[in-house]
Amino acid sequence: MENNLRRKGAVRVEPNTKRDARVHRGAEHHRLNVADRSRSYLRHHAEVARQSYFSLLAQPLTTFMTLAVLAIALALPGALYTGLKNIQQLGSGWDGDPRVALYLKQSVTEAEAETLSRELLLRDDVAATELITATQGMLEFKSMSGFGDVFNFLDTNPLPAVVMVMPRDLSVASVPLLQTKLQALPQVDEAVVDMAWVQRLAAFVVLAERAVWVLAALFVMAVLLVVGNTIRLSIESRREEIVIAKLVGATDAYVRRPFLYDGVWFGVAGGVFAWFLIQLSLLLLNGPVGQLVSLYDSQFELAGLGFIETILLLLISILLGLCGAWLAVGRHLRQIQPQ
């Protein structure tokens, strides 16, 4: 048949390869590169975060009650930590080194007390000494006690001279041993170790640290439960929407994302409110504490949360909100399946 067409002068029609190539090229499957996929992923996250934010604002009463509970649960351990930090600062501001106070006998003169103070400096177990004569003790008692007029009715000064001894070895075992040795000196009437308050303060600080950690763990569980219960109610209210989304092919990650952002927003707002509650509490206590420390001639001032501590509070709050939302979504999302 082809020979017949050639004899009749017919023209052979060649396939148009360029046109076929254009048609084939137009039907090709386009693939997104990594940059385009990343931009699309970030745009979707930003849109979901924005929608989650406005959805929380659309329910002001429920959102406020949840944030109030979160703020209180976060502020209580934060306030305890701040109080503990101020107690440690107050203790470090005082001289916590134990000293042995040697109350000399009334028969010891000022010259003999001065000689004893110098002789004690020659001992290997003594780092420093300070002599407080009977006259100096009387003047300090008059200025600090408010009962200075009592000495006007006395013929002699009843206060003894005192030698304050700073031990070289400040260990708990060595200081009482030095106290026993100094008590045996003939000029000494009584040797007293001024370290009881230091031990009590250290024991109280250890107890307070343990209490802060225990309460912090309890309130962390409370925050997780509050956020989880709130997210669970949000999931139940959007059950039909989740079922429809899964019917059209939505993945669990896609459905989970808005609820995770709800937890993040709860964490951010709860951390900020908790910080304001802590600072407000310190502001209310600053006046009474200032009046109290002024009676002891101290320059102590209450210190709030610093910059690093504030950032840690916000990060912990966000992490707790995200974890609470993740636990709630992971548990309840598996129970919602299209029939």
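Note that the structure is predicted; figures quoted are calculated from it, not measured.

### A look at the overall build of the protein
Then, number 1: On a plain count of helices and strands, the protein comes out with 11 helices and four strands.
Then, number 2: Buried residues in the protein amount to 30% of all 339 residues.
Then, number 3: Pairs at least 24 apart in sequence give 82% of the contacts found in the protein among residues at least 6 apart.
Then, number 4: When the accessible surface of the protein is totalled, it reaches about 22900 Å², and 63% of it is carbon and sulfur.

### A few points about the nonpolar core
Then, number 1: Residues Val223, Ile231, Ile235 and Ile242 are the most contacted members of the largest nonpolar core, which totals 28 residues.
Then, number 2: Only helix 4 (60–93), helix 8 (196–237), helix 9 (239–247), helix 10 (252–294) and helix 11 (307–332) provide two or more residues apiece to this core.
Then, number 3: Here the element with the most residues in this core is helix 10; it accounts for seven residues.
Then, number 4: If near-sequence neighbours (up to four positions away) are discounted, Ile242 is found in contact with Ile235, Val255, Phe259, Leu333 and Ile336.
Then, number 5: Core analysis: the next-biggest nonpolar cluster, separate from the first, contains 18 residues, Val108, Leu131, Leu178 and Val188 among them.

### Some remarks on the pattern of salt bridges
Then, number 1: With the rule as written, the count across this model stands at seven salt bridges.
Then, number 2: One salt bridge connects Arg123 with Asp125, and the closest N-O pair in it is separated by 3.1 Å.
Then, number 3: With relative accessibility at 26%, the residue Arg123 sits in the partly exposed group.
Then, number 4: In this structure Asp125 comes out as partly exposed when scored by relative accessible area, which is 24%.
Then, number 5: Put simply, Arg238 and Glu241 hold a salt bridge, and the shortest N to O gap is 3.4 Å.

### Re the environment of Arg99
Then, number 1: Within the secondary structure, Arg99 sits in the loop between helix 4 and strand 1 (100–104).
Then, number 2: On a C-alpha basis, the gap between Arg99 and Val163 in space is 10.0 Å, while along the polypeptide they are 64 residues apart.

### Quick notes on the confidence of the model for the protein
Then, number 1: Mean pLDDT for the protein: 77, with 77% of residues reaching 70 or above.
Then, number 2: Ignoring residues within four places in sequence, the model shows residues 1–14, a span with pLDDT below 50, making two contacts including any to other chains.
Then, number 3: When the criterion is pLDDT under 50, residues 17–27 qualifies, and its contacts beyond four places in sequence or with other chains add up to zero contacts.

### A few points about a nonpolar patch on the surface
Then, number 1: Judged by side-chain polarity, Phe307, Ile308, Ile311, Leu312, Leu315 and Ile316 come together as a nonpolar surface patch covering roughly 620 Å² of accessible area.
Then, number 2: Of note, Ile316 is situated in helix 11.

### Some points on the sheet that holds strand 3 (residues 162–167)
Then, number 1: An order of 2-3-1-4 is seen for the four strands of this open sheet, with the pairing classed as antiparallel. Looking at the sheet topology across the chains shown, the edges are occupied by strand 2 (126–132) and strand 4 (188–193). Within this sheet the neighbouring strands show an average axis-to-axis angle of 20 degrees, counted without direction.
Then, number 2: Two strands pair when backbone bridges link them, and strand 1 and strand 3 are joined in this way by four bridges, in the antiparallel orientation. Note on strand 3: the bridge partner recorded for Leu102 is Val163.
Then, number 3: Along the sheet, helix 5 (residues 110–121) contacts strand 1, strand 2 and strand 3; its crossing angle with strand 2, the most-contacted strand, is approximately 170 degrees.

### Some remarks on the pairing of strand 1
Then, number 1: For strand 1, the tally of buried residues reaches four of five residues, placing the bulk of the element in the interior.
Then, number 2: In the sheet, strand 1 pairs with strand 4 via five bridges, with the strands oriented antiparallel. Bridge pairing in strand 4 links Tyr103 to Glu190.

### What to know about the side chain of Thr310
Then, number 1: Relative to the helices and strands, Thr310 is located in helix 11.
Then, number 2: Once residues lying within four places of it in the same chain are set aside, the contact partners of Thr310 are Trp275 and Leu305.

### Brief notes about helix 5
Then, number 1: The first and last C-alpha atoms of helix 5 sit 17 Å apart over 12 residues, in line with the 16 Å expected at 1.5 Å per residue.
Then, number 2: For helix 5, the complete set of buried residues consists of Ala113, Leu116, Ser117 and Leu120. Relative to the axis of helix 5, the buried residues are bounded by an arc of 100 degrees and lie together on one face. Helix 5 presents Ala111 and Arg118 as exposed residues on the side facing more than 90 degrees away from its buried surface.
Then, number 3: Taken together, the buried residues of helix 5 touch strand 1, strand 2, strand 3 and helix 7 (174–183).

Cut-offs and rules
Residues numbered from 1 in each chain as written. Predicted model: local features only at pLDDT ≥ 70, side-chain atom pairs only at ≥ 80, totals over all residues. Heavy atoms only, no water. Helix = DSSP H or I, 4+ residues; strand = E, 2+ residues; numbered from the N terminus. Buried < 20%, exposed > 50% of the residue type's maximum accessible area, 1.4 Å probe, protein only. Contact = heavy atoms within 4.5 Å. Areas by Shrake-Rupley, 256 points an atom, 1.4 Å probe, with all protein chains shown as cover. Core = buried A, V, L, I, M, F, W, Y, C linked by side-chain atoms within 4.5 Å. Salt bridge = Lys/Arg side-chain N within 4 Å of Asp/Glu carboxyl O. pLDDT = per-residue confidence, 0-100. Patch = residues over 30% accessible without salt bridge, like charges linked within 9 Å, V, L, I, M, F, W, Y side chains within 5 Å. Pairing = 2+ DSSP bridges. Axes fitted to C-alpha atoms, helices over the stretch in contact; angles between N-to-C directions. Expected span 1.5 Å × (residues − 1). Arc of directions from axis to C-beta.

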